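Given next are the chains, with one letter for each unit.
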Amino acid sequence: QSALAPGGVDAFISHSWRGDPEAKYQALQCWRAAFVARHGREPTVFFDKACISQACIKDVLPCLPIFVSRADTLLVLLDDSWPTRLWCIVELFTFM
């Protein structure tokens, strides 16, 4: 399902690439398990590396607020570097 389609996605995953990958994976799996238990299905998510072509990232980044606004939830995989990353803050304020 496209993040631009009506209804968007269940969650936009906000994270810092500087964070610990294993800790982020574990947090995501915990959230996923709770989502499945609550909704009886797998969640749809927007994850930047998988949803934005890395070959033309400069062309797509201006659309990031649109992707964030189409999500039902902003899932923040918080670590010490997250609040220092400009795009993470943009995602947060766009979602609010």
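Scroll up to find the structure this text is about.
This write-up is about the structure you can find in this document. Note that the structure is a prediction, hence the values are computed from the model and not measured.

### Concerning the overall build of the chain
Secondary structure summary: the chain contains 5 helices and 3 strands in total. Along the chain, helices (α) and strands (β) appear in the sequence β-α-β-α-α-α-β-α when read from the amino end. Here the chain holds 96 residues, and 32% of them are scored as buried. Considering only residue pairs separated by 6 or more positions, the chain has 67% of its internal contacts joining residues 24 or more positions apart. Carbon and sulfur atoms make up 61% of the accessible area of the chain, which totals about 6,000 Å².

### A short note on the environment of Ala11
With respect to the helices, strands and loops of the structure, Ala11 is situated in strand β1 (residues 9-15). Take Ala11: its relative accessible area is 0%, and that puts it in the buried class. On a C-alpha basis, the gap between Ala11 and Leu74 in space is 5.6 Å, while along the polypeptide they are 63 residues apart. Not counting residues within four places of it along the chain, the set of residues in contact with Ala11 comprises Trp31, Thr44, Val45, Phe46, Ala71, Thr73 and Leu75.

### Quick word on the side chain of Lys24
Residue placement: Lys24 occurs in helix α1 (residues 21-39). Buried and unpaired, Lys24 has Asp79 as its nearest opposite-charge partner, separated by 5.6 Å. Among residues more than four places away in sequence, those in contact with Lys24 are His15, Ser16, Trp17, Gly19 and Leu77.

Parameters and conventions
- Counting starts from 1 at the beginning of each chain's written sequence and moves along it residue by residue.
- The model is predicted, so local features are restricted to residues of pLDDT at least 70 and side-chain atom pairs to those at 80 or more, both for listing and for counting; the totals for chains, interfaces and linings are taken over all residues.
- Each side-chain value is worked out from all heavy atoms of the structure, with water and hydrogens disregarded.
- Elements are defined by DSSP. Helices are runs of H or I of four residues or more, strands are runs of E of two residues or more, and each kind is numbered from the N terminus.
- Remark: exposure states derive from per-residue accessible area (1.4 Å probe, protein chains only) relative to the maximum for the residue type, with buried under 20%, exposed over 50%, and partly exposed in between.
- Only heavy atoms matter for contacts: two residues are in contact if any of them lie within 4.5 Å across the pair.
- To measure how exposed things are, a 1.4 Å probe is used in the Shrake-Rupley method; for residues, cover is taken only from the protein chains shown.
- We treat Lys and Arg as the positive residues and Asp and Glu as the negative residues; His and chain ends play no part in the count.
- Throughout this description, the term salt bridge denotes a Lys or Arg side-chain nitrogen within 4 Å of a carboxyl oxygen of Asp or Glu.

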